[in-house]
Amino acid sequence: MTIIALTSAAGSPGVSSSVIGLALAWKRPCLVIEADPTGSSAMLTGYMRQYAPNGITSVLDLEVAFRQTGKLPNLLELATPVPNTNIRLLSGIRSHVQARSMEQTWHNLLHHIKGLDAAGIDVLIDLGRLGLEGYATTLLEGANLGLLVLRSTLPAIVAAHSWASTLTQTNTIATSPDVLGLLVIGEGHPYTADEISKQLKIPTLVKLPLDATTAEVFSLGTSPGRRFTRSPLYQSLPPAVAALTQHWQNWRNTITANSSTTTTPFPMPQPTRGDQA
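Residues numbered from 1 in each chain as written. Predicted model: local features only at pLDDT ≥ 70, side-chain atom pairs only at ≥ 80, totals over all residues. Heavy atoms only, no water.

## A word on the side chain of T2
For step 1, the next point in the chain: If you trace the backbone, T2 turns up in the segment before β1 (3-8).
For step 2, the next point in the chain: The residues contacting T2, other than those within four sequence positions of it, are D117, D122, V123, N144, W248 and R252. (Helix = DSSP H or I, 4+ residues; strand = E, 2+ residues; numbered from the N terminus. Contact = heavy atoms within 4.5 Å.)

What follows is the structure, given as structure tokens:
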């Protein structure tokens, strides 16, 4: 596994909570990158804020370093280690205005993180909502696996439909459909994952339960209760990691067996200023 980018089509379905939860359950060392263009920094205001007193390196530090030296520093030395986990963290920007200046940094960052797989390190990226000004399109295009995160409600499915069409109609997705998948939160409220996949024409790779109490530990930084490790969401994370790892390994084996298959990034439409949330 190498680079997995999580994003959503609308609202706040749980992208940041999913990234944090998956990272905490990840078996191999992983680098978590917050690239949400809104500047809200869910990493610093949620679960990861407990590490803020020690200082958390942000993607802005990459931007500053690039402006000063013309190159990026060593990511593994710069990123903040999260104690008692396999995680290193790069938190996000502090204001949506800063997102406009990050495009070159995203290009340089992508070049660096593509080499981390050889070091046994995976990358999980929180991209936030599709279509916002300053969206890190480069990171989604360069990801080995993109996960579209959504709830199982009708408004969420409708919002995801147009973006799903945009993604699946590109040449790469048409020939290699497994590089894009769904992460469905709260299956059965009211639609099943199979029904959603049929509508969006994208396979469901991960299903996480609708567990607000546990999700708030990740998204709001609330204290875990005594039943935290036995909660539905917490219990669902290791199987989710295993499913993603197995899916990627199967796909990679297929690529190896068929050298004519391409893994070039899939292009994304550029957002407009009118798409701001």
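## Some points on unusual backbone geometry
For step 1, the next point in the chain: With an omega dihedral of 5 degrees, the bond running from H189 to P190 counts as a cis peptide bond.
For step 2, the next point in the chain: Within the secondary structure layout, P190 lies in the loop between β7 (180-185) and α9 (193-200).
For step 3, the next point in the chain: At N84, a residue that is not glycine, the phi angle is positive and equals roughly 65 degrees.
For step 4, the next point in the chain: As for its position among the elements, N84 is in the loop between β3 (80-81) and β4 (87-90).

## Looking at the sheet that holds strand β8 (residues 204-208)
For step 1, the next point in the chain: In space, the eight strands of this open sheet follow the order β3-β4-β2-β5-β1-β6-β7-β8, with mixed pairing throughout. At either end of the open sheet lies a strand with only one pairing partner, and these are β3 and β8.
For step 2, the next point in the chain: In this sheet, β7 lies alongside strand β6 (residues 145-151) in parallel orientation, the contact comprising six bridges. When the sheet's bridge partners are listed, L147 is paired in β7 with G181.
For step 3, the next point in the chain: Contacts from α9 reach β6, β7 and β8 within the one sheet, and its direction differs from that of β7 by about 140 degrees.
For step 4, the next point in the chain: Its contacts with the sheet put helix α11 (residues 232-257) on β6 and β8, and the angle it makes with β8 is roughly 170 degrees. (Pairing = 2+ DSSP bridges. Axes fitted to C-alpha atoms, helices over the stretch in contact; angles between N-to-C directions.)

## Section: the packing of helix α3 (residues 59-69) against helix α5 (residues 103-113)
For step 1, the next point in the chain: Closest axis-to-axis distance for the α3/α5 pair is 10 Å, and the angle between their directions is 95 degrees. With respect to α5, the element α3 is oriented roughly perpendicular. Residue-level contacts link V59, L62, E63 and F66 of α3 to Q104, T105, W106, N108 and L109 of α5.
For step 2, the next point in the chain: The class makeup of the residues in the contact of α3 with α5 is five nonpolar, three polar and one charged. (Parallel < 35°, antiparallel > 145°, perpendicular 65-115°, else oblique. Nonpolar A, V, L, I, M, F, W, Y, C, P; charged D, E, K, R; others polar.)

## Describing the nonpolar core
For step 1, the next point in the chain: In this structure, L31, I33, I113, I125, L127 and L200 are the most contacted members of the largest nonpolar core, which totals 45 residues.
For step 2, the next point in the chain: Not counting residues within four places of it along the chain, the set of residues in contact with L127 comprises A5, L6, T7, A35, D36, P37, Y135, A136, L139 and L140. (Core = buried A, V, L, I, M, F, W, Y, C linked by side-chain atoms within 4.5 Å. Buried < 20%, exposed > 50% of the residue type's maximum accessible area, 1.4 Å probe, protein only.)

## Considering the side chain of D126
For step 1, the next point in the chain: Within the fold, D126 resides in strand β5 (residues 122-129).
For step 2, the next point in the chain: In contact with D126, other than residues within four places in its own chain, are L6, V15, S16, V19, I33, E34, A35, D36 and M43.

## Here we look at the pairing of β6
For step 1, the next point in the chain: Among the seven residues in β6, six count as buried, and that is most of the element.
For step 2, the next point in the chain: Where β1 meets β6, five bridges bridge the pair, whose relative direction is parallel. Note that in β6 the partner of A5 across the bridge is G146.

## Looking at the packing of aromatic side chains
For step 1, the next point in the chain: With the rule as written, the count across this model stands at three aromatic pairs.
For step 2, the next point in the chain: On the numbers, 6.0 Å between centres and 65 degrees between planes, the contact of Y47 with F218 is edge-to-face. Within this pair, whereas Y47 is found in the loop between α2 (42-45) and α3, its partner F218 is found in helix α10 (residues 212-219), the two being separated by 171 residues in sequence.
For step 3, the next point in the chain: Accessibility expressed as a relative area gives 1% for F218, which makes it buried.
For step 4, the next point in the chain: For the pair F218 and F228, a centre-to-centre distance of 6.0 Å together with 70 degrees between the ring planes defines the contact as edge-to-face. With F218 in helix α10 and F228 in the loop between α10 and α11, this residue pair connects regions lying 10 residues apart in the sequence. Per residue, the accessibility class of F218 equals that of F228, and both read buried.
For step 5, the next point in the chain: Joined through ring pairs, the aromatic side chains of Y47, F218, F228 and Y234 make up one cluster. (Phe/Tyr/Trp six-rings, centres within 6.5 Å; stacked < 30°, edge-to-face > 60°.)

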